[in-house]
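One letter stands for each residue in the lines below.
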Amino acid sequence: MPDIDKYLSAIHKNEGSDLHLSTGSPPILRVHGTMVPLKATALSAEKVQSLLDSIMTENARRNFAATGDADWAYDLKQIARFRCNAFRDRRGPGGVFRIIPNDFLTAEDLNLPEAVLKLCTLPKGLVLVTGPTGSGKSTTLTAMIDHINERRTDHVITIEDPIEFVHANKKCLINQREVHTHTESFSRALRAALREDPDIVLVGEMRDLETTHIAIETAETGHLVFGTLHTTTAASTVDRIIDQFPADRQAQIRTMLASSLKGIVAQTLCKRPSKGRVAALEVLIVNNAISNQIREGKTFQIESGMQVGRKEGNMLMNDALVQLVVDDKITPEEAVHRSLQRADLIEKLSAKDINLSHDED
């Protein structure tokens, strides 16, 4: 057994999410959002490199030698899979390992809103799950694909870097492809997917203009496409997509996006009062009014459009945070900490007679 396995097992044992190996520091776990050092001596550069080498794939080893960065997946039998990243910094080599439980959370476990589940029934269109790194995007997308797998009889192709949660065929046929292992790039695999008779395509990351453009085209040509972006709100997601393109192409992309975009789930992870974390979800369901706002370049009006369209399942992040406070799933202080519009959130909490500690007010 590689020495690193005992550290990876510690993530599972301590209900953590990540293991950090850094030259000059002891191994550190992220447990319920907090960094917790293990009781161990500081790691030398040679020790970190040895730990990384023991589980690196050949492809990851080449990339790390050439660029100083590498991504791969590692399967620790009967424990979990791990999404692995190796890097170099001023001290030496380092690595971060995200646990991917063998038993992933279902849509019911996550209590996904009905409006989000309805997005899984669409015949075609673009659905995006967004949020900062570590916000649970992969968990939400996996639950949505599993929901589809149990209810539809379709062909699903996923393009990931690396493959995280592994899906068994239930009612659907699911082909999972890993970038740099099974295909050269997201854009190449996405273009090839059109010749592979898919009904649903999941793009693990829309990280460049070409991938984004093909994803929108794929959604327009009668497929259901799921993708992720590192954006924090629904409105900023629309802006980020459009701003990727040169100015002379933006009008065309707005028109394509207005017809293909069906929904955005923007999320952030909040700490529960005792232990564990819960996701707050901002949900945008694109109706005719919002579609027109996208087409006309009036994305600043999307937020007000979401407020008007609440009956269709639209939910602003602050409203989601308030609901979590009302349900005693998070504290008012945690809600304020996670909010991007704190004055508005404090006002909404006050309207429900929810008081904040003096430090947060």
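Structure: see above.
Procedures and definitions
Residues numbered from 1 in each chain as written. Predicted model: local features only at pLDDT ≥ 70, side-chain atom pairs only at ≥ 80, totals over all residues. Heavy atoms only, no water. Salt bridge = Lys/Arg side-chain N within 4 Å of Asp/Glu carboxyl O. Helix = DSSP H or I, 4+ residues; strand = E, 2+ residues; numbered from the N terminus. Buried < 20%, exposed > 50% of the residue type's maximum accessible area, 1.4 Å probe, protein only. Core = buried A, V, L, I, M, F, W, Y, C linked by side-chain atoms within 4.5 Å. Contact = heavy atoms within 4.5 Å. Phe/Tyr/Trp six-rings, centres within 6.5 Å; stacked < 30°, edge-to-face > 60°.

(A) Broad picture of the pattern of salt bridges. Tallied over the full model, the rule gives 21 salt bridges. We note a salt bridge from Arg83 to Glu164, for which the minimum N-O separation is 2.7 Å. Placement of Arg83 in strand E5 (residues 80-88) and of Glu164 in the loop between strand E8 (155-160) and strand E9 (173-178) is noted, with a sequence separation of 81 residues between them. Of the residues examined, Glu164 reaches a relative accessible area of 10% and is grouped as buried. Between Asp344 and Lys348 there is a salt bridge, with its nearest N and O atoms 3.5 Å apart. Of this pair, Asp344 and Lys348 both sit in helix H15 (residues 342-351), separated by four residues, roughly a single helical turn. With relative accessibility at 30%, the residue Asp344 sits in the partly exposed group. Several salt bridges converge on common partners, so that one network encompasses Glu108, Asp146, Glu150, Arg151 and Lys170.

(B) Examining the nonpolar core more closely. One finds Leu257 and Leu261 to be the most contacted residues of the largest nonpolar core, which totals 36 residues. With residues up to four places along the chain from it excluded, the contact list for Leu257 reads Leu126, Ile216, Val238, Ile241, Ile242 and Ile294. With 27 residues, the next largest nonpolar core counts Tyr7, Ala80, Ala86 and Phe97 among its residues.

(C) Main features of the packing of aromatic side chains. Per the counting criterion, the structure on display carries two aromatic pairs. Note on Trp72 and Phe97: the rings are 6.5 Å apart at their centroids and 85 degrees apart in plane angle, and the pair reads as edge-to-face. Of this pair, Trp72 sits in strand E4 (residues 69-76) while Phe97 sits in strand E6 (residues 93-101), and the two are 25 residues apart along the sequence. Of the residues examined, Trp72 reaches a relative accessible area of 2% and is grouped as buried. The buried category is assigned to Phe97, whose relative accessible area is 0%. An angle of 85 degrees between the planes, with centres 5.9 Å apart, marks the rings of Phe104 and Phe165 as edge-to-face. Taken together, the positions of Phe104 in the loop between E6 and helix H4 (107-110) and Phe165 in the loop between E8 and E9 put the pair 61 residues apart, joining distant regions of the chain. Exposure remark for Phe165: the relative accessible area of 7% places this residue in the buried category.

Everything listed here is a matter of coordinates, which is why it stays silent on function.
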